Amino acid sequence: MSRRWVTALACVAALVALACDGAGSASPRPSGSTRPDGPAMLSALGDSITTGFGSCLVLVSCERNSWSTGTSLRVESHYRRLRERHPALRAVNRAVPGARAQALAGQAAAAVRDRADLVTVLIGANDACHGDIDAMTPVATFRTQVDAGLRTLRVGRPKARVLVVSVPDLYRLWQVGHTDQRAVRAWAHGVCPALLADATSTAPAAVARRARFRERIDDYNDQLRAACRAYGSRCRWDGGAAHRARFDLDQVNSLDWFHPNASGQDRLAEVTWGVARWVDD
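Bear in mind that the values here come from a model prediction, so they are computed numbers and not experimental data. (Residues numbered from 1 in each chain as written. Predicted model: local features only at pLDDT ≥ 70, side-chain atom pairs only at ≥ 80, totals over all residues. Heavy atoms only, no water.)

Here we take up the sheet that holds strand E1 (residues 41-46). The sheet built from five strands is open, its strands ordered E2-E1-E3-E4-E5 with parallel pairing. Of all strands in the sheet, those bounded by a partner on one side alone are strand E2 (90-93) and strand E5 (235-237). In this sheet, neighbouring strand axes are inclined to one another by 15 degrees on average, regardless of whether the strands run parallel or antiparallel. Two elements, strand E4 (residues 161-164) and E5, share three bridges in a ladder whose sense is parallel. Across the sheet, residue valine 164 finds its bridge partner in E5, namely tryptophan 237. Against the sheet, helix H3 (residues 104-113) makes contact with E1 and strand E3 (118-122), and its axis sits at roughly 170 degrees relative to E1, the strand it touches most. Packed on one face of the sheet, helix H11 (residues 262-276) meets E3, E4 and E5 and runs near 135 degrees to E4. (Pairing = 2+ DSSP bridges. Helix = DSSP H or I, 4+ residues; strand = E, 2+ residues; numbered from the N terminus. Axes fitted to C-alpha atoms, helices over the stretch in contact; angles between N-to-C directions. Contact = heavy atoms within 4.5 Å.)

Relative to the helices and strands, glycine 54 resides in the loop between E1 and helix H2 (78-83). Each C-alpha atom of the pair glycine 54 and asparagine 65 lies 9.6 Å from the other, and the pair is eleven residues apart in sequence. In this structure, glycine 54 is in contact with Leu59, Val60 and Asn253, ignoring residues within four places of it in sequence.

With 51 residues, the main nonpolar core has Val146, Leu153, Val162, Val164, Trp187, Leu196 and Phe213 as its most contacted residues. In terms of residue count, helix H9 (residues 204-231) provides more of this core than any other element does, seven residues in total. Excluding residues that lie within four positions of it along the chain, valine 164 makes contacts with Val121, Leu150, Leu224, Cys228, Cys235, Arg236, Trp237 and Asp238. Residues Tyr79, Leu122, Leu268 and Trp278 belong to the second largest nonpolar core, which totals 18 residues. (Core = buried A, V, L, I, M, F, W, Y, C linked by side-chain atoms within 4.5 Å. Buried < 20%, exposed > 50% of the residue type's maximum accessible area, 1.4 Å probe, protein only.)

Take a look at the structure:
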């Protein structure tokens, strides 16, 4: 074989190898790169609802059942749904039981350290529930604290996409549970006293207290919506989907009759997934 043919075959081999190395990629990455396509990290911020509290038959956090970052086969969480398209995605749950809006900035700072690409935020239930009716976080204070948390995300992870979820309709929990003796007995141990204390009372003061609580949740949701709008195009509000979700007692755990069980977590994931539109943008 002539030297000319050897040279030509070598060139063809080199071109084939180059084409194969770049197959399926317009601009192939260096072989040492480990950055996956699409989002790499999902971080969840919020309170006990997002930690899956009470969903594993004991009153502790059970993150595998979280509507946001859960891995359990019992819950079609945002994380599990996203992993179908982004297998390299990881998730971390920064929510803390009992957290109120004042804790959001610290959780957001943790999400920044996580280098989160996607962030879910569900906060506000404890701002209404952590004491009696007069202990509820004032609406203006709530907004300031939510803004502080979102600002931390916007500054630290300006390209991250954020989903802000409405506070579920806790008043509905009283509606569907106040005639169930098991729920009433559990609530009497201090579960969300601003709403659920004296759950069976029809006294005018009790009725007025529940109405005031319900109004405060509506006010919090108004502020969450406005805060997300002020954040800009990288924030999506759930449009009140979580708050509108109709649930029954079979979707809360049978210990405190307050926190969602696995079925309730799955329902929360379902109603917020479509509005999140993680995979559409």
